[in-house]
Amino acid sequence: LDTLRELRSLKLLVLRCRLPKVPHSVTDVGAHLQKLRIYNEGGKLHSFSSLKKMSALTSLELVGCELERIPHAVFSLANLQALDLKDNRLTSAEEVLSLQHCRRLTTLKLWHNGITCVPDHIRKLRSLESLHLCWNKISSLPAGLFYCVKLRHLDLSHNLLASLPPEVRILQNLQFLSAAHNALASLPDELFSCRRLQTLLLGHNSLSSLSPKVAQLTQLVQLELKDNGLEALPPEIGECRLLRRSGLAVEDTLFDLLPAEVRAQMKDS
């Protein structure tokens, strides 16, 4: 890695190896580095102090680094826009409060960890537009999460959620929501107030019915409902004018129970 010192204008650096710490040679080119991706392949990364010198970083990925908490050095990266901590050993997300100092942060990926709860103070991350909490062990969500009002993309799939809070209605900019592979038995009516939703993924839950209020989601182009306990679909689903059969993931037997005119309208052109 010593040859990196000669690359003074380097903008993107991807390291796929087992590092004990961020090498000094990376720090030497850090002044201009905008994107750093470290895939540590399961090796524990111990030292992060050199990250503080990479003031130009806009995107940081620390994947498979055996992290048990968010490194404090990250909180000093004032220009950071995207942080990805996939495949680590995080069990708590308490440190997200300090991410409020990263005022430009719009994308946060804490997926594929062991997080059991999300702190209410996540509401402090007011600039967030994309949040990935999938593949964790989260059983409930704080109301504060839904005060991240700029959220457009929210992935909660592959967790242990039994319900969604009514505060979901606050997310009026939400375009993508996945709560697939959870333990949802019902949906709050407030969900159908998120009228900018284009993608709603609810497969592999325990839903027994879908509210006729789905008709309010007129921007929907993808709706996943497979592997639930649904006995029928509401005819009002036909009011989702942009939704076609190819965008509706549901058992054929359920689709065939819809009125003929609704099925005809949803037919792929």
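In this report, the structure presented in the accompanying data block is examined. Residue numbers run consecutively from 1 along every chain, following the written order of its sequence. Reporting of local features is limited, given that this is a predicted model, to residues whose pLDDT is at least 70; pairs of side-chain atoms are given and counted only at 80 or more, and all residues count toward the totals for whole chains, interfaces and linings. Neither water nor hydrogens contribute to the side-chain values; these are computed over all heavy atoms in the structure.

Right, let's get into the overall build of the chain. Helices and strands together make up the secondary structure of the chain, namely three helices and eleven strands. Listed N to C, the secondary structure of the chain is β-α-β-β-β-β-β-β-β-β-β-β-α-α in terms of helices and strands. When its C-alpha atoms are laid out on the principal axes, the chain stretches across 70 × 40 × 30 Å. As displayed, the chain has an accessible area near 12,500 Å², and 48% of this comes from carbon and sulfur atoms. Positive charge is attributed to Lys and Arg, negative charge to Asp and Glu, and no charge count is given to His or to the chain ends. Lys charges are placed at NZ, Arg charges at CZ, Asp charges at CG and Glu charges at CD. Taking the average location of the 33 positive side-chain charges in the chain and that of its 27 negative ones, the two points are 9 Å from each other. Here a helix means four or more residues in a row that DSSP labels H or I, a strand means two or more in a row labelled E, and each is numbered from the N terminus. Note that accessible areas follow from Shrake-Rupley with a 1.4 Å probe, and for residues the cover is restricted to the protein chains shown.

The next thing to look at is the pattern of salt bridges. Here, a salt bridge means any side-chain nitrogen of Lys or Arg that lies within 4 Å of a carboxyl oxygen of Asp or Glu. For the coordinates displayed, the defined rule picks out nine salt bridges. One salt bridge in this structure joins Lys 213 and Asp 189, with 3.5 Å as the shortest N-O distance. On the criterion of sequence distance, the pair formed by Lys 213 in the loop between strand E9 (199-201) and strand E10 (222-224) and Asp 189 in the loop between strand E8 (176-178) and E9 is long-range, its members being 24 residues apart. By relative accessible area, Asp 189 is classed as partly exposed at 38%. Residues joined by salt bridges that share partners form a network here, namely Glu 66, Glu 68 and Arg 89. Remark: exposure states derive from per-residue accessible area (1.4 Å probe, protein chains only) relative to the maximum for the residue type, with buried under 20%, exposed over 50%, and partly exposed in between.

Next up on the list: the state of the cysteines. The term disulfide refers to a covalent linkage connecting the sulfur atoms of a pair of cysteines. Two cysteine sulfur atoms make up a disulfide if the distance between them is within 2.5 Å. One pass over the structure, following the stated rule, counts zero disulfides. Just so you know, Cys 102 is unpaired, no disulfide at all, and the nearest cysteine sulfur is the one on Cys 148, 14 Å from it. Using a relative accessible area of 2% as the deciding quantity, one classes Cys 102 as buried. Left unpaired, Cys 240 is separated from the closest cysteine sulfur, that of Cys 194, by 14 Å.

With that out of the way, let us pick up the packing of aromatic side chains. Whether two aromatic rings pair depends on their centres lying within 6.5 Å, for rings of Phe, Tyr and Trp, where Trp uses its six-membered ring; planes under 30 degrees apart make the pair stacked, over 60 edge-to-face, and the rest tilted. Throughout the structure, instances matching the rule amount to zero aromatic pairs. The cationic tip of Arg 245 hangs over the ring face of Phe 255; the distance from NZ or CZ to the ring centre is 4.4 Å. Only Lys NZ and Arg CZ are tested; either one counts as a charge over a ring when it is within 6 Å of the ring centre and within 35 degrees of the ring normal.

The subject of this paragraph is unusual backbone geometry. Even without being glycine, Glu 66 reaches a positive phi, approximately 60°. In this fold, Glu 66 is placed in the loop between strand E3 (59-63) and strand E4 (82-84). Look at Asp 227: it is not a glycine, yet its phi comes out positive at around 60°. For Asp 227, the position within the fold is in the loop between E10 and strand E11 (248-249).

Spatial ordering of the open sheet is given by E1-E2-E3-E4-E5-E6-E7-E8-E9-E10-E11, a layout of eleven strands whose pairing is parallel. The open sheet has two free edges, formed respectively by strand E1 (12-16) and E11, since each of these has just one partner strand. Think of it this way: DSSP has to see at least two bridges between two strands before they count as a pair. Pairing of E4 with strand E5 (residues 107-109), which is carried by three bridges, proceeds in the parallel orientation. Along E5, the bridge assignment pairs Leu 83 with Leu 108.

All right, on to the side chain of Arg 245 then. Looking at the element boundaries, Arg 245 is found in the loop between E10 and E11. In this description, contact between two residues means that some pair of their heavy atoms is separated by no more than 4.5 Å. When sequence neighbours within four positions are dropped, the list of residues in contact with Arg 245 reads Val 250, Glu 251, Asp 252, Phe 255, Met 266 and Asp 268.

Attention now goes to the environment of Leu 151. Following the sequence through the fold, Leu 151 ends up in the loop between strand E6 (130-132) and strand E7 (153-155). On the accessibility criterion, Leu 151 (0% relative accessible area) is buried. Sequence-wise, Leu 151 and Leu 131 are 20 residues apart; in three dimensions their C-alpha atoms are separated by 7.4 Å.

The topology assignment puts Asp 84 in strand E4. It is Lys 109 that comes nearest to the buried, bridge-free Asp 84 among opposite-charge side chains, at 4.5 Å. What Asp 84 contacts, discounting residues up to four positions off in sequence, is Leu 60, Glu 61, Leu 62, Lys 109 and Trp 111.

For a regular strand, the rule is simple: side chains alternate between the two faces of the sheet. Judged by how many residues are buried, E3 sits mostly within the fold: five of five residues are covered. By the alternation rule, side chains of E3 split into Ser 59, Glu 61 and Val 63 and Leu 60 and Leu 62, which are all buried. Examined bridge by bridge, strand E2 (residues 35-39) and E3 share five bridges and lie parallel to one another. Counted as the bridge partner of Arg 37 is Glu 61 from E3. Direction of pairing for E3 relative to E4: parallel, over a ladder of three bridges. Its bridge partner lying in E4, Glu 61 is registered against Asp 84.

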